[in-house]
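# Secondary and tertiary structure notes
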Amino acid sequence: MTTGIIIIGVVAVLLISIIGMYNSLIRKRNEVDNAFGGMDVQLKKRYDLIPNLVATVKQYANHEKSLLEKITELRSKATSGKLSNDEKVALDNQISESFKGIMVAVENYPDLKASDNFINLQRTMNEVESQISAARRTYNAVITDYNNSIQVFPKNIIAGFMHLKRKEVFVIAEVERQNVNVNNLFNN
Amino acid sequence: MRSTEQLRNLYHTELKDQLAGMEKERIRIKRLKIATAIFGFILFLILQNIYKPGIAITIGIIGVIIILAAVVYIFMRYTTYRNQFKQEVVSKIIKLINPEYQYDANRHIDMHEFNESNLFSTKAERCQGDDYVEGKIESTDFKFSELNPTYKVETREDGKTTTEWHSIYRGLFFHADFNKHIQGTTFVLPDKADRLLGIKRKNLKRDKENYELVNLENPEFEKIYDVYGSSQVEARYILTPAIMEAMVTIAKKYGRNMYFSFKGERLYCAVLYNKPLFEPRIKKSGVNYADVEEMFHLFGLIETIIHEMNLNTRIWTKE
C-alpha cells in the first residue's frame, strides 16, 4: 500500500516538473518571437524614412542618382513582405551601409547638410539607429536565454520532443566602424 | 575641467591664508566646548556633595543657565565660522570649477525632485541638506547638492505615539537633463552581493510598479551595477556600450555606492557618503590641502557625469 503511494507521489512530482519545463520552454520561445517583433517594428521605421531621405537629397544632389536608386531598391525588397527573419536582418545591414554611403556623399553638398529638413532627418535616423541597436541587443539576450534553456539538462530532453532548435544570435553590423566603400554601392 | 594644478594654485594664493585666519576661531570654539563640558562636569560633582536642597537647587539653576547660555553662544560662533567657511572657501572652489555655476550654501535640492527619482524604496517626507549648485554645461542643465532625505516611523505603545525619523541615505544628489527621450524608467543600482544561490533578484518593486532585471553584455559593468527597467529594449537604448563604459569609469572614480535612475527627461544620481560633507573642521586643524582637494573632487561629480556620459551629444531627436 505504502509503495503504491510512493510511486504515485514520484510520478506526480515528475509530471509536474515536466509540465513546468514544457511551459517554461514555450514561454522562452514566445519571448524570442516577441523580441524579433520588437526589432521588426524598428526596422520598418527605418524603411519608412527612405522615401523622405531620397526626396531631400534629390533636391540638392541630383548627381547621386545611383546611390538613391540603390537604396530605393533595397526598400522595395524589404517591404515586399516575403522575407525570412535572416533575410530581413541581412537586408537591413545592406540598408545601413547604403545610408552611410549617402552620408559620405552628402559631405560634398553643404547646402544640403545645412538644410533644416536634412538635419531633422538625420536626427530621426540616428534615433531609429539607436532603437534598432537596442532592439537587436535585446533580441540577442533573449536568444541566448532561449538557447541556454533548450540545451541544459534536463530541459534538453523536453526540448527535443518539442523540436525546438537552437537559434543564432545576430551579429550587430559594426557599420559605424567600417569604412564604407562607396564604389561597391555603385557596382552591387 | 579645471586641473589640480589650478586648485593647488588657488589653495596657495587664497584659501590657505583664509583657512589659517579661521584657525584661531576654530581653536576658540573648540576650547569653549571643552570648557563648557568641564564646567558641566564640575557642577555635577558639586551638586552631588551638597545636602541642603535649597542651596543645591539655586546652584543647580544658576549652573544650568550658564551652561545654556554657553551652548547658545558656541552655536552662534560656530554658525558664523561655518558661514565664513562656505563663503570664503567652498564658494571659491566652485567658482574655480566654473564661474557660471550658482552656489547657495544653505539650500538643497527640493524633496519632490528627490522623490521623483524613485531611487530608493521609501519616499522622503522631510529633507535636509546644503551646498546647492545649479548650472548648465552647453545643452545640459543640472542641479547638485548634499542631501539627507528622511522618513517618519510612528510606533504606538500603550496609547503613546513615538515618532522617529529614519534616514533614507546621506550623501550627494544630482540630476541633469538626459540626451534621449525616455518613456519608462530604468534603474542602475549598486550590485547586490546578496546572491544566496548565485541568482539575482528578478524583479524590483517600486511604487507598485514592477521592474525587470536586465542583463547586459559588459561584464565589468555587471559586476558593479544591477539594472532594472520597465522595458528591456529601453534599458539598452539608454545603456549603450559607450554609456556602460562611462559608468564603469565613474564608479572607479567615486566608488560603488552610486545609484542612478533614468526617468522622465532626466538622469538622477545619488552617491552615498554617510558623513557630513563640505563642513569646516572643529576637532583637528582645518588648514590642509587634502580637505580642499576632497571638496573639489566631490563637486567634480557634475562634470564627470556630464562629460563621461556625453550628455551634450545631442544627435537624436531630443535637443
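Right, let's walk through the structure included here. This structure is a prediction, so every number in the text was calculated from the model and none was measured. (Residues numbered from 1 in each chain as written. Chains lettered and ligands numbered in written order. Predicted model: local features only at pLDDT ≥ 70, side-chain atom pairs only at ≥ 80, totals over all residues. Heavy atoms only, no water.)

### Here's the deal with helix H1 (residues 4-48) of chain B
For the record, the criterion: Here a helix means four or more residues in a row that DSSP labels H or I, a strand means two or more in a row labelled E, and each is numbered from the N terminus. By this rule the span expected of a helix is its residue count minus one, scaled by 1.5 Å. Axes are fitted to the seven residues ending at a residue and to the seven starting at it; the angle between these axes is taken as the bend at that residue.
Taking 1.5 Å of rise per residue, the 45 residues of H1(B) would be expected to cover 66 Å, yet its terminal C-alpha atoms sit only 57 Å apart, more than 12% below that figure. At Tyr11(B), H1(B) shows its strongest bend, of approximately 50°.

### Topic: the interface of chain B and chain A
Definition in use: For this analysis, residues touch if any pair of their heavy atoms sits within 4.5 Å. As used here, buried area is the combined drop in accessible area, with a 1.4 Å probe, of two parts when they are placed together. By definition, a salt bridge exists where a carboxyl oxygen of Asp or Glu is found within 4 Å of a side-chain nitrogen of Lys or Arg. A 3.5 Å cut-off defines polar contacts: any pair of N or O atoms within that distance qualifies, except that in protein one atom must be a possible hydrogen donor and the other a possible acceptor, and neighbouring residues in sequence count only when both atoms are side-chain atoms.
Facing the 17 residues of chain B at the interface are 12 residues of chain A. A combined buried area of about 1,200 Å² lies between chain B and chain A, and 47% of that area is made up of carbon and sulfur atoms. Taken together, the connections running from chain B to chain A amount to one salt bridge. When the shortest N-O distance is used, the salt bridge between Arg137(A) and Glu217(B) registers 2.8 Å. Taken together, chain B and chain A are joined by 11 residue pairs in polar contact (both at pLDDT 80 or more). Elements with a minimum of two residues in the side of chain B that touches chain A: helix H5 (232-238) and helix H6 (241-254) of chain B. Looking at the side of chain B that touches chain A element by element, the count peaks at four residues for H5(B).

### Here's the deal with the environment of Thr56(A)
Residues and elements named next belong to chain A. Quick reminder of the rule: Summary of the burial criterion: residues with accessible area below 20% of their type's maximum are buried, those above 50% are exposed, and those between are partly exposed, where the area comes from a 1.4 Å probe applied to protein chains only.
With respect to the secondary-structure elements, Thr 56 resides in helix H1 (residues 2-60). Look at Thr 56 and you get buried, because its relative accessible area is 3%. Taking C-alpha positions, Thr 56 is 11 Å from Leu 68, a pair spaced 12 residues apart along the chain. If sequence neighbours within four positions are ignored, Thr 56 has contacts with Leu 112, Asn 117, Phe 118 and Leu 121.

### Some details on the nonpolar core
Nonpolar side chains tend to gather and get buried jointly when the protein is soluble and globular. Worth spelling out the cut-off: Buried Ala, Val, Leu, Ile, Met, Phe, Trp, Tyr and Cys residues that are joined via side-chain atoms within 4.5 Å together make up what is termed a nonpolar core.
Formed by 70 residues in total, the largest nonpolar core has its most connected members in Leu239(B), Phe260(B) and Phe262(B). It is helix H7 (residues 289-308) of chain B that provides the largest number of residues to this core, a total of 10 residues. If we ignore the near neighbours within four places in the chain, the residues touching Leu239(B) are Arg137(A), Thr186(B), Val188(B), Leu216(B), Phe221(B), Val227(B), Met244(B), Met247(B) and Phe262(B).

### A word on the pairing of strand S11 (residues 266-272) of chain B
All names here are of chain B. Applied cut-off: Strands qualify as paired when DSSP identifies two bridges or more between them.
Most of S11 is tucked away: seven of the seven residues are buried. Here S11 shows a buried face lined by Arg 266, Tyr 268, Ala 270 and Leu 272 and a second buried face lined by Leu 267, Cys 269 and Val 271. Judged from the seven bridges that link them, strand S5 (residues 171-177) and S11 form a sheet pairing that is antiparallel. Among the inter-strand pairings, Leu 172 is bridged to a residue of S11, identified as Val 271. Where strand S10 (residues 258-263) and S11 come together, six bridges link them in antiparallel fashion. When the bridges of S11 are listed, Lys 263 appears paired with Arg 266.

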